[in-house]
Amino acid sequence: MRTARHPATVLTAYALALAFAAAGCSAAGASGGNDAPTAAPRASSAADICTSLVSYWAKETLKGSKAAGIDWEQKGLSNEQYAIHEEIVAAGRSEERRQGRDKALALIDRQARERCAARNGATGSSENWRPPR
């Protein structure tokens, strides 16, 4: 059984769609006369990605965040990255006891950057990992 459409509802929907489309077009073209080029996104290296992931999750673990309890695969870490994570969390906890949380978080950032760079992104995974064909 088909329901009857209300002409006012249909017209309102079309009017809203048109308004959103017009707003999107005018916003895209409204640069305020500043036609300076914007920077293109920078490609991240494997070491940059490793540093970002490992540092983020190590700091969340140190802070005791709720999400820190998910496993390494859910965090998007390789086996090597998880090993780095565990090493720098231990170092961060030790530093936190000695120098406080701010120093511990800085240590985590520094060690993640150093270790990820030394291992070229630490992308090695478990024995179940297979290279793409």
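Each chain has its residues counted from 1, running along the sequence as written. A pLDDT threshold of at least 70 governs which residues receive local features in this predicted model, and a stricter bar of 80 or more applies before side-chain atom pairs are shown or counted, although totals over entire chains, interfaces and linings include all residues. Note: side-chain values were computed over all heavy atoms of the structure, leaving out hydrogens and water.

Segments assigned H or I by DSSP are reported as helices when at least four residues long, segments assigned E as strands when at least two residues long, and all are numbered from the N terminus. Within the secondary structure, T51 sits in helix α2 (residues 46-63). Contacts between residues were defined by any pair of non-hydrogen atoms, one from each residue, lying within 4.5 Å. Once residues within four sequence positions are removed from consideration, T51 is found in contact with Y56, A112, R113 and C116.

Take helix α3 (residues 79-99) next. Side chains of residues three or four places apart in an α-helix project in the same direction, reflecting 3.6 residues per turn. Multiplying 1.5 Å by the residue count of a helix minus one yields the expected span of that helix. For α3, which comprises 21 residues, the first-to-last C-alpha distance of 30 Å matches the rise-based estimate of 30 Å (1.5 Å per residue) to within 8%. Every buried residue of α3 is listed here: Q81, I84, H85, I88, V89, G92 and E95. An end-on view of α3 places all buried positions within 140 degrees of arc, on one side of the element. Counted as exposed and oriented over 90 degrees from the buried face of α3: R97 and R98. Next to the buried residues of α3 lie α2 and α4 (101-118). Think of it in three bands: with a 1.4 Å probe and only protein chains considered, a residue is buried below 20% of the maximum accessible area for its type, exposed above 50%, and partly exposed in between. In this context, the arc is that of the directions from the helix axis out to the C-beta atoms.

What characterises a pair of aromatic rings is the spacing of the ring centres plus the angle enclosed by the ring planes. Stacked, edge-to-face and tilted are the three classes for Phe, Tyr and Trp ring pairs, Trp counted by its six-membered ring, which pair at centre distances within 6.5 Å; planes under 30 degrees apart are stacked, over 60 edge-to-face, the rest tilted. Inspection of the entire model under this criterion finds two aromatic pairs. Each ring, one from Y56 and one from W57, has its centre 4.9 Å from the other, and the planes form 80 degrees; the classification is edge-to-face. Here Y56 falls in the partly exposed class, since its relative accessible area comes to 43%. A ring pair is formed by W72 and Y82, whose centres lie 6.4 Å apart and whose planes are at 35 degrees; its orientation type is tilted.

On to the environment of E86, then. Inspection of the secondary structure assignment puts E86 in helix α3. A relative accessible area of 37% places E86 in the partly exposed class. Put simply, E86 and A58 are 28 residues apart on the chain and 7.7 Å apart in space, counted from C-alpha to C-alpha.

This brings us to the confidence of the model for the chain. In this model, the chain carries a mean pLDDT of 77, and residues with pLDDT of at least 70 account for 65%. Here helix α1 (residues 7-29) is the element of the chain with the lowest mean pLDDT, 45, and α4 is the one with the highest, 97. Confidence per residue, as judged by the predictor, is encoded in pLDDT with a range of 0 to 100. Contacts for the low-pLDDT stretch residues 3-23, under 50 throughout, to residues beyond four places or in other chains number one contact. Contacts for the low-pLDDT stretch residues 25-30, under 50 throughout, to residues beyond four places or in other chains number zero contacts.

It is worth spelling out the pattern of salt bridges at this point. Here, a salt bridge means any side-chain nitrogen of Lys or Arg that lies within 4 Å of a carboxyl oxygen of Asp or Glu. Following the criterion strictly, the structure yields six salt bridges and no others. Note that K63 is salt-bridged to E60, the shortest N-O span being 3.8 Å. Taken together, the residues span about one helical turn, with K63 and E60 both in helix α2 at a distance of three residues. Under the relative-accessibility criterion, K63 is labelled partly exposed at 43%. It is possible to trace a salt-bridge network through shared partners that takes in E87, R115 and R119.

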